[in-house]
Amino acid sequence: MEIDFKINDFEGPLDLLLYLIKQNKMNILDIEIEKITDQYIAYLDKMEEMNLEITSSYLVMASELLYIKSKMLLPKKEEEESEEEEEDPRENLVNRLLEYQTYKDISNVLKNKEELRSEIYTKAPENIKNYIEDDEKINSDVTLDDLVNAFKKFLERKEEEKPLKTKVTEKEIKVSDRKKSIKDILKTKKHISFFSLFESYNKEYIIATFLAVLELAKEGDLKIVQKNLFDDFECEAV
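Overview of the structure. (Residues numbered from 1 in each chain as written. Predicted model: local features only at pLDDT ≥ 70, side-chain atom pairs only at ≥ 80, totals over all residues. Heavy atoms only, no water.)

1. Digging into the sheet that holds strand β2 (residues 222-225)
Thinking step 1. Read from one edge to the other, the open sheet built from three strands follows the order β1-β3-β2, with strand pairing classed as antiparallel. Two strands close off the open sheet at either side, each with one partner strand: β1 (191-193) and β2. Averaged over neighbouring strand pairs, the angle between their axes works out to 25 degrees when direction is ignored.
Thinking step 2. Sitting on the sheet, helix α7 (residues 203-219) is in contact with β2 and β3 (234-237), with an inclination near 110 degrees to β2. (Pairing = 2+ DSSP bridges. Helix = DSSP H or I, 4+ residues; strand = E, 2+ residues; numbered from the N terminus. Axes fitted to C-alpha atoms, helices over the stretch in contact; angles between N-to-C directions. Contact = heavy atoms within 4.5 Å.)

Given below as structure tokens:
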């Protein structure tokens, strides 16, 4: 059986041997050493014909294969009474091939991961405020950060006060509806505690109310103030 392969396609003699074993569909644990040796020598001859330099590692492997082949061809000693089994001359070569195959498989996995990683581009983190337009341009004596931090502490306090009486409703709570109801409250009360607007501890209700207050402040319909340090925030009608 003739094997067609390209010169210099292999990383070394073990790589070439694995290729020949695979092409011949041999069991790596039971190498047909005579056939593999002949094909390996044919590869070296082809390199010589093309005036390519044969590295010493290939020549060392060639001599090793010839030695194993000669030992395999020698008649075995007939010592039927001996309990010791004769060592297989291919054993050392097979162990090295198995080790090299494992190394090669791992290298391929790492190479694939490297190729996948090269398709991922990372970017240094930026200040999110660069993407928030007019984050502090609301009709207020406090910043948006102050309001968010205070609101976060308010939610934490509510969480600690459980069990809570919550209303289960399937009705969608719209920001526009909350804006209207807050405006109606401010018509009768010129100022009201910011946190008193959150009458129901319901996720949708809280979000809609918070967004409604921010929109009203930006539109200039109410003003958020804190008269003294550590005081609650108040919403005043404008």
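2. Regarding unusual backbone geometry
Thinking step 1. One non-glycine residue, Lys25, lies in positive phi territory at about 55 degrees.
Thinking step 2. Relative to the helices and strands, Lys25 is located in the loop between α1 (13-23) and α2 (33-49).
Thinking step 3. Using a relative accessible area of 77% as the deciding quantity, one classes Lys25 as exposed. (Buried < 20%, exposed > 50% of the residue type's maximum accessible area, 1.4 Å probe, protein only.)

3. Some remarks on the pairing of β3
Thinking step 1. Pairing analysis gives three bridges linking β1 to β3, with the strands arranged antiparallel. When the sheet's bridge partners are listed, Ile192 is paired in β3 with Cys235.
Thinking step 2. As judged from the four bridges shared by β2 and β3, these two strands associate in the antiparallel manner. Among the inter-strand pairings, Lys223 is bridged to a residue of β3, identified as Glu236.

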